[in-house]
Amino acid sequence: MFAEVLPKDKVSKVQELQHAGERVGMVGDGVNDAPALVSADVGVAIGAGTEVAVEAGDIVLVRSDPRDVPRIVRLSRASYRKMVQNLWWAAGYNVVAIPLAAGVLARQGIVLSPAIGAVLMSLSTVIVAVNAQLLRRETI
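Because the structure is a prediction, the values reported are computed rather than measured.

Visitor: Explain the pattern of salt bridges here, please?
Guide: If the charged atoms of two oppositely charged side chains come close together, the side chains can form a pair. Per the stated rule, a full pass over the model turns up six salt bridges. A salt bridge links lysine 10 to aspartate 33; its shortest N-O distance comes to 2.3 Å. Taken together, the residues span a long stretch of sequence, with lysine 10 in helix α1 (residues 10-19) and aspartate 33 in the loop between β1 (25-28) and α2 (34-39) at a distance of 23 residues. Residue classification places lysine 10 among the buried positions, given a relative accessible area of 14%. Classification of aspartate 33 by relative accessible area gives buried; the value is 5%.

In structure tokens, the structure reads:
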């Protein structure tokens, strides 16, 4: 973590960290921060900052409180976990139910009617939507 870096050194510091294999997040609010915000992997602009900084940032803090940055990280991690969970749920359904509805195991006497497959697909969509809504319960 670096603070009070001179304006002329901000982009080079970001690039130095990136060349070392680090993922870089830059938080800034001024015109002199805009190039570093663009160069960073994630640019976080302070909402009360200059328009140039706000345009350069990937994320804009509406409350203009840099202490919200750790909350952004926790929210992004929680969102990613939900996306992975939903992907597994949807993929699991597709791997199992679609071949059964297509009759892959019909010779073994296992057949899933297309109507039941459609109901299960609807249920899968509902489960994915409910799981996504559970993100609201995360403490961030």
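Visitor: Where do I start with the sheet that holds strand β3 (residues 59-61) in this structure?
Guide: Note: strands within a sheet are paired through backbone hydrogen bonds, in either parallel or antiparallel orientation. Taken in spatial order, the three strands line up as β1-β2-β3 in an open sheet, and their pairing is parallel. Of all the strands in the sheet, just β1 and β3 have a single pairing partner and so form its edges. Pairs of neighbouring strands in the sheet enclose a mean axial angle of 20°, with direction left out of account. Its contacts with the sheet put helix α4 (residues 69-102) on β1, β2 (42-46) and β3, and the angle it makes with β3 is roughly 135°.

Cut-offs used in this document
Residues numbered from 1 in each chain as written. Predicted model: local features only at pLDDT ≥ 70, side-chain atom pairs only at ≥ 80, totals over all residues. Heavy atoms only, no water. Salt bridge = Lys/Arg side-chain N within 4 Å of Asp/Glu carboxyl O. Helix = DSSP H or I, 4+ residues; strand = E, 2+ residues; numbered from the N terminus. Buried < 20%, exposed > 50% of the residue type's maximum accessible area, 1.4 Å probe, protein only. Pairing = 2+ DSSP bridges. Axes fitted to C-alpha atoms, helices over the stretch in contact; angles between N-to-C directions. Contact = heavy atoms within 4.5 Å.

Shape is all these values report; function is a separate question.
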